Amino acid sequence: MTTRQEWNKPLPTVVGETRPYWESCRRGELLIQRCEKCGEYQFYPRGICANCWSDDSIRWVQASGKGTVWTYTVTYQNRTPGFAEDVPYVLAVVELEEGVKMFTNIVDCNPREVTIGMPVEVTFVRANDQITVPYFRPVGE
Amino acid sequence: MVDLKHGAAIVGIHEHVTRYAPDKSELQIQGESVIKALADAGLSKQDVDGLFTASSSIRNSGMNLADYLNMYPKYVDNTTVGGGSFEFHLSHALTAIAAGRIDVAVITYSSLARSGGVSVGTGGVGRYGHPRLDPSPDSFEELYGLTTVGLYAMIAQRHMHLYGTTSEQLAEVAVAMRKHASMNPEALFRDPVTVEDIVNSRMISSPLHLPDCCVITDGGGAVVVASPEVARSCRHTPVWVLGVGEAIAHQGAGKRDLMYIAAKQSHEPAFAMAGVTQKDIDMAMIYDSFTITVVETLEDLGFCEKGEGGQFVSGGRLQVDSEMSDKLPINTDGGGLSSNHPGMRGIFLLLEATRQLRHQFKDTPRQVENCQVALCHGTGGSLGARHSGGTAILGRD
Ligand SMILES: [Zn+2]
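Residues numbered from 1 in each chain as written. Chains lettered and ligands numbered in written order. Predicted model: local features only at pLDDT ≥ 70, side-chain atom pairs only at ≥ 80, totals over all residues.

Along the backbone of chain B there are 12 helices and 11 strands. Considered along the principal axes of its C-alpha atoms, chain B spans approximately 55 × 55 × 45 Å. Counting every position in chain B, which comprises 397 residues, the buried fraction comes to 61%. Considering only contacts in chain B between residues 6 or more positions apart, those separated by 24 or more positions represent 76%. (Helix = DSSP H or I, 4+ residues; strand = E, 2+ residues; numbered from the N terminus. Buried ≥ 20, exposed ≤ 12 C-beta atoms within 10 Å, placed from the backbone. Contact = placed C-beta atoms within 7 Å.)

Printed below as a string of structure tokens:
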């Protein structure tokens, strides 16, 4: 896990239904949710099953942390502090092995080398004492 | 279901021609637009009993607008689902009129996106001015430097990957819009551009170049919608609402294939209600936030097969003066890519479709020949995350 000096990007707002996710990230683990009733995975985390609308059957499970790039873009312009100085960076949607897609950045590589279908794995960057952010990097780098 | 076809008509329109209005309030632009649209219809303040508006900057927009206009509507709707909000409003106004709740509805919008310096496409979370991220979905998205253009760019990237769509094909959309803008004296950018100019221009978020992105302007407008009885007494030939459909598309808890957009869900009820097919559409107003938006929308509205949008928009097919026998003129005002885009653009789709169906440009190059049926499709939000789609099919007697 790496620590970034002077984090000036937005930080997540943590509430009850999302706290286990952010706490697991702090430990360097990626947890996602699965419904005990219908068996479906879901992302982003929520307090209900978005598939079968059960409100008492969501369980946290450890994701493998591996997936593939579903799509991406190399961003050359973003005026938000924290990103303005990061361009060009890769904004991506990664499809986890469990079948759910999530937004992320592809890091630790040349932005020009990212392709759709590229195998990636989770990596974590510590923002502050409370928050650690999951990113993805090419497998084997 | 109650047959809503011909249940209401657009009887008055006004486009506020400003592209830059630093000295006006948004409410003033709406007020001026409403007054002029009613004059266009031949109606007056006392006739209006329904008020429809959307805003990303005015809080409680329906309530505050009624206050500014000093009116007491019987029916208020400030559904705000991004740029396509106004196609939703037309759908809701039709329903309210057909149910007998109201006789005359006004739909209005304005924005000072340009004079306010809003980075609509590339501002990240700051584009909404929120002080903090919502627990979800913001907290799972905005950490990664999402931009509006980035969310559309990711769809364009995958479209290219799956179907072989090219930057040149996307550029064809922007070239057509600029051609139309050259026929519109109010359009922001009117000088011709070529496919080559576009693919060689600055990349904003790959694979989208600067001219693949809509302009940012101030502006506004209003549309008056009336019952058939009222419509027949108005100044212009009625532009009938033949069919409407609305939809939201989103990530489906992480499992939806977002290559299929809301237009896929919204167009079927609209065509079914209107009793027409894609072949009957003489011109279309397709929300063009980005060039990829037009390609994806044409596919999911059923004008071509999925994946064939790049080919479909090529060869000048979208241009009003195209020689192609199966041409489909799109956005004859120059669209968001060249004419104007004040934050949300859906209302301008209804305005230009109405002008075309009134044959307002008769004997000029901008007029779509023998225009009888037009389709408007508004997209709001972001294709790559969550978005709305409102389809409206309009026709004349
Ligand atoms: Zn379930």
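All names here are of chain B. The strand order across the open sheet built from nine strands is 3-2-4-7-1-8-11-10-9, with neighbouring strands paired in mixed fashion. In this open sheet, the two edge strands, each paired with only one partner strand, are strand 3 (75-77) and strand 9 (283-286). Shown here is a sheet whose adjacent strand axes are inclined to one another by a mean of 20 degrees, direction ignored. Pairing between strand 9 and strand 10 (residues 373-381): four bridges, direction parallel. Across the sheet, the residue bridging to Met285 is Cys376, located in strand 10. In this fold helix 1 (residues 26-41) packs onto strand 1 (9-16), strand 4 (104-112) and strand 7 (218-226), with an angle of close to 135 degrees to the strand it touches most, strand 1. Against the sheet, helix 12 (residues 346-357) contacts strand 1, strand 4, strand 7, strand 8 (239-249), strand 9, strand 10 and strand 11 (387-395), and its axis sits at roughly 170 degrees relative to strand 10. (Pairing = 2+ DSSP bridges. Axes fitted to C-alpha atoms, helices over the stretch in contact; angles between N-to-C directions.)

Two faces, one strand: in a regular strand the side chains alternate between the faces of the sheet. Residue and element names in this part refer to chain B. Judged by how many residues are buried, strand 1 sits mostly within the fold: eight of eight residues are covered. Relative to strand 8, strand 1 is paired through two bridges, and the arrangement is antiparallel. Among the inter-strand pairings, Ala9 is bridged to a residue of strand 8, identified as Trp240.

This part is about helix 5 (residues 167-181) of chain B. A rise of 1.5 Å per residue sets the reference length of helix 5 of chain B, with its 15 residues, at 21 Å; its end C-alpha atoms lie 21 Å apart and thus fit the reference within 8%. Along helix 5 of chain B, 14 of the 15 residues are buried, which leaves the element largely enclosed by surrounding structure. (Expected span 1.5 Å × (residues − 1).)

This paragraph deals with unusual backbone geometry. In this structure, the amide linkage connecting Val87(A) to the following residue, Pro88(A), adopts the cis form with an omega of -5 degrees. The peptide bond linking Ser206(B) to Pro207(B) adopts the cis configuration, its omega dihedral lying at 5 degrees. Structurally, Pro207(B) can be placed in the loop between strand 5 (203-205) and strand 6 (208-209). If you check the backbone angles, Ala253(B) has positive phi at about 60 degrees while not being a glycine. Within the fold, Ala253(B) resides in the loop between strand 8 and helix 8 (263-274). The class for Ala253(B) is partly exposed, based on 19 C-beta atoms found within 10 Å. Positive phi, normally seen in glycine, also occurs at His359(B), with a value near 60 degrees. Tracing the sequence through the fold places His359(B) in the loop between helix 12 and strand 10.

Let's shift gears to the confidence of the model for chain B. Here chain B averages 95 in pLDDT, and 97% of its residues register 70 or above. Across the predicted assembly, pTM comes out at 0.96 and ipTM at 0.96. (pLDDT = per-residue confidence, 0-100.)

Residues and elements named next belong to chain A. Judged by pairing direction, the sheet is antiparallel, and its three strands sit side by side in the order 3-2-4 without closing on themselves. Edge positions in the open sheet fall to strand 3 (41-42) and strand 4 (58-62), since each of these has one partner strand only. Strand direction decides the pairing type here: strand 2 (residues 31-35) and strand 4, joined by five bridges, are antiparallel. Paired with Ile32 across the bridge in strand 4 is Val61.

Each partner contributes to the interface: chain A provides 37 residues, whereas chain B provides 35 residues. Those elements giving two or more residues to the side of chain A that touches chain B turn out to be strand 5 (66-75), strand 6 (89-96) and strand 7 (101-106) of chain A. When its residues are assigned to classes, the side of chain A that touches chain B shows 19 nonpolar, 13 polar and five charged. (Nonpolar A, V, L, I, M, F, W, Y, C, P; charged D, E, K, R; others polar.)

Further remarks concern helix 1 (residues 19-26) of chain A. All names here are of chain A. Of all the positions in helix 1, only Tyr21, Trp22 and Cys25 are classed as buried. Along helix 1, the residues classed as buried sweep out an arc of 90 degrees about the axis, all on the same side. Taken together, the buried residues of helix 1 touch strand 2, strand 8 (119-126) and strand 9 (132-138). Positive phi appears at Gly28, one or two residues downstream of helix 1, with a value of about 80 degrees. (Arc of directions from axis to C-beta.)

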